Amino acid sequence: QVQLVESGGGLVQPGGSLRLSCAASGFTFSNVAMHWYRQAPGKGRELVASITSAGGRTNYADPVKGRFTISRDNVRNTVYLQMNSLKPEDTAVYYCHTAWTGWQNTKYDYWGQGTQVTVSS
């Protein structure tokens, strides 16, 4: 059974930092890319950052470039999102996500339950 369990969210003041974690199980973590999404109140879900299976390549949404860093530990089956210089507009529920295509072109798509990040003074 595939599970993605996020942790590390909370309330932080503007300019502060948080590190989110997503612990994965039930699949071969080191074979798949991982992603962080977020959804702010009243808005759609947006892609924040992605990392390839071996961690060699990363991509970021423009609003978080230079402030957020995605990384992964393929021994601990965990992906991280280090968030620095946080702004009120970063307030959202943050989700861990992965997807892949398996045998006979079967699509697999999994989301975590989300962790709330609130940036406020």
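Here the structure is shown first, and the text comes after it.
Residues numbered from 1 in each chain as written. Predicted model: local features only at pLDDT ≥ 70, side-chain atom pairs only at ≥ 80, totals over all residues. Heavy atoms only, no water.

K.L.:
Got a minute to help me understand the pattern of salt bridges in this structure?
P.N.:
It is possible for side chains bearing opposite charge to pair when their charged atoms get close. Inspection of every chain in the model, using the stated rule, returns five salt bridges. Taken together, the shared-partner salt bridges connect Arg38, Glu46, Arg67 and Asp90 into one network. (Salt bridge = Lys/Arg side-chain N within 4 Å of Asp/Glu carboxyl O.)

K.L.:
Would you take a moment to explain the packing of aromatic side chains for this structure?
P.N.:
Working definition: an aromatic ring pair is given by the centre-to-centre distance plus the angle between the planes. If you walk through the whole model with that rule in mind, you get six aromatic pairs. For the pair Trp100 and Tyr108, a centre-to-centre distance of 5.5 Å together with 20° between the ring planes defines the contact as stacked. Assessed through its relative accessible area of 23%, Trp100 is described here as partly exposed. One aromatic cluster is present, formed by Phe27, Phe29, Trp100, Tyr108 and Tyr110 through successive ring pairs. Across the ring face of Tyr95, the terminal group of Arg45 is positioned such that the distance to the ring centre comes to 3.8 Å. (Phe/Tyr/Trp six-rings, centres within 6.5 Å; stacked < 30°, edge-to-face > 60°. Buried < 20%, exposed > 50% of the residue type's maximum accessible area, 1.4 Å probe, protein only. Lys NZ or Arg CZ within 6 Å of the ring centre and 35° of its normal.)

K.L.:
Even after reading the chapter, I still don't get the nonpolar core, so can you show me in this structure?
P.N.:
When a protein is soluble and globular, its nonpolar side chains tend to lie buried together. Among the nonpolar cores identified, the biggest contains 29 residues, and Trp36, Val79, Leu81, Met83 and Tyr94 are the most heavily contacted of them. Considering every element that reaches this core, the biggest residue donor is strand β3 (residues 18-25), with four residues. (Core = buried A, V, L, I, M, F, W, Y, C linked by side-chain atoms within 4.5 Å. Helix = DSSP H or I, 4+ residues; strand = E, 2+ residues; numbered from the N terminus.)

K.L.:
Just to check I follow, could you spell out the side chain of Glu6 for this structure?
P.N.:
As for its position among the elements, Glu6 is in strand β1 (residues 3-7). It turns out Glu6 is buried and unbridged, and the closest side chain with the opposite charge, Arg45, is 7.6 Å from it. In this structure the side chain of Glu6 is engaged in a polar contact, spanning 2.7 Å, whose partner is the backbone nitrogen of Cys96. A polar atom in the side chain of Glu6 sits 3.0 Å from the backbone nitrogen of Gln113. (Lys, Arg positive; Asp, Glu negative; His and termini not counted. Polar contact = N/O pair within 3.5 Å; in protein donor to acceptor, adjacent residues only side chain to side chain.)

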